[in-house]
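Spelled out, the chains give:
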Amino acid sequence: MTDENRKMLERINAYAENTLGEIDPQKVPVSVQLEQLRPVMEEIAAEKGMSLEDVFILYMDLQSEASCATNEKLKDSLRDINNGFDGGSPLLFR
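Described in the following lines is the structure provided in the data block.

Criteria and cut-off values
Residues numbered from 1 in each chain as written. Predicted model: local features only at pLDDT ≥ 70, side-chain atom pairs only at ≥ 80, totals over all residues. Heavy atoms only, no water. Helix = DSSP H or I, 4+ residues; strand = E, 2+ residues; numbered from the N terminus. Buried < 20%, exposed > 50% of the residue type's maximum accessible area, 1.4 Å probe, protein only. Contact = heavy atoms within 4.5 Å. Areas by Shrake-Rupley, 256 points an atom, 1.4 Å probe, with all protein chains shown as cover. 1 Å grid on protein atoms, 1.4 Å probe; cavity = no way out; pocket = protein on both sides within 12 Å on 5 of 7 lines; lining within 4 Å. Points joined across faces, edges and corners; volume = space filled by probe spheres on them. Nonpolar A, V, L, I, M, F, W, Y, C, P; charged D, E, K, R; others polar. Salt bridge = Lys/Arg side-chain N within 4 Å of Asp/Glu carboxyl O.

When you go through the protein residue by residue, the secondary structure sums to three helices and zero strands. Going from the N terminus to the C terminus, the protein shows its helices and strands as α-α-α. Residues counted as buried form 18% of the 94 residues belonging to the protein. Long-range contacts, defined here as pairs at least 24 residues apart, represent 46% of the contacts in the protein between residues at least 6 apart. Carbon and sulfur atoms make up 52% of the accessible area of the protein, which totals about 6900 Å².

Here you go:
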């Protein structure tokens, strides 16, 4: 992920935190969530000379990439904990 893409992702996510607050993403349809993010995505699209659809697609790609990286870090942390366990079954999944 480039620095420019990381900044864009952080900007959209910060806007989402302020706009969406503490919603339950499992209960609120994705379409409603994305509609709330539309203003910041339109700003970014205008700034970068991109279509709104291209910003949306890039955002979804970057969000997936960030989620995978976070998941890998968690797995590594759990692996470190399991390796330090002395015998028996591991404390956490592998």
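That shown, we press on.
Below, the discussion takes up the layout of surface pockets. A volume near 390 Å³ is recorded for the largest pocket. As for the largest pocket, its lining consists of 14 residues, and the residues nearest its centre are Leu20, Pro25, Gln33, Tyr59 and Gln63. Residue assignment for the lining of the largest pocket shows that the elements contributing at least two residues are helix 1 (3-20), helix 2 (30-48) and helix 3 (52-83). Residue composition of the lining of the largest pocket, grouped by class: nine nonpolar, four polar and one charged.

Further remarks concern the pattern of salt bridges. Tallied over the entire structure, the rule returns five salt bridges. Across the pair Glu47 and Arg11 runs a salt bridge whose closest N-O atoms are separated by 2.7 Å. You can see Glu47 sitting in helix 2 and its partner Arg11 sitting in helix 1, a full 36 residues away along the chain. When the shortest N-O distance is used, the salt bridge between Arg38 and Glu35 registers 4.0 Å. Residue Arg38 and its partner Glu35 are located together in helix 2, separated by three residues, close to a single helical turn. Classification of Arg38 by relative accessible area gives partly exposed; the value is 35%. The class for Glu35 is partly exposed, based on a relative accessible area of 46%. A single salt-bridge network, built from bridges that share partners, covers Arg11, Glu43 and Glu47.

No statement about biological role is implied by the geometric values presented.
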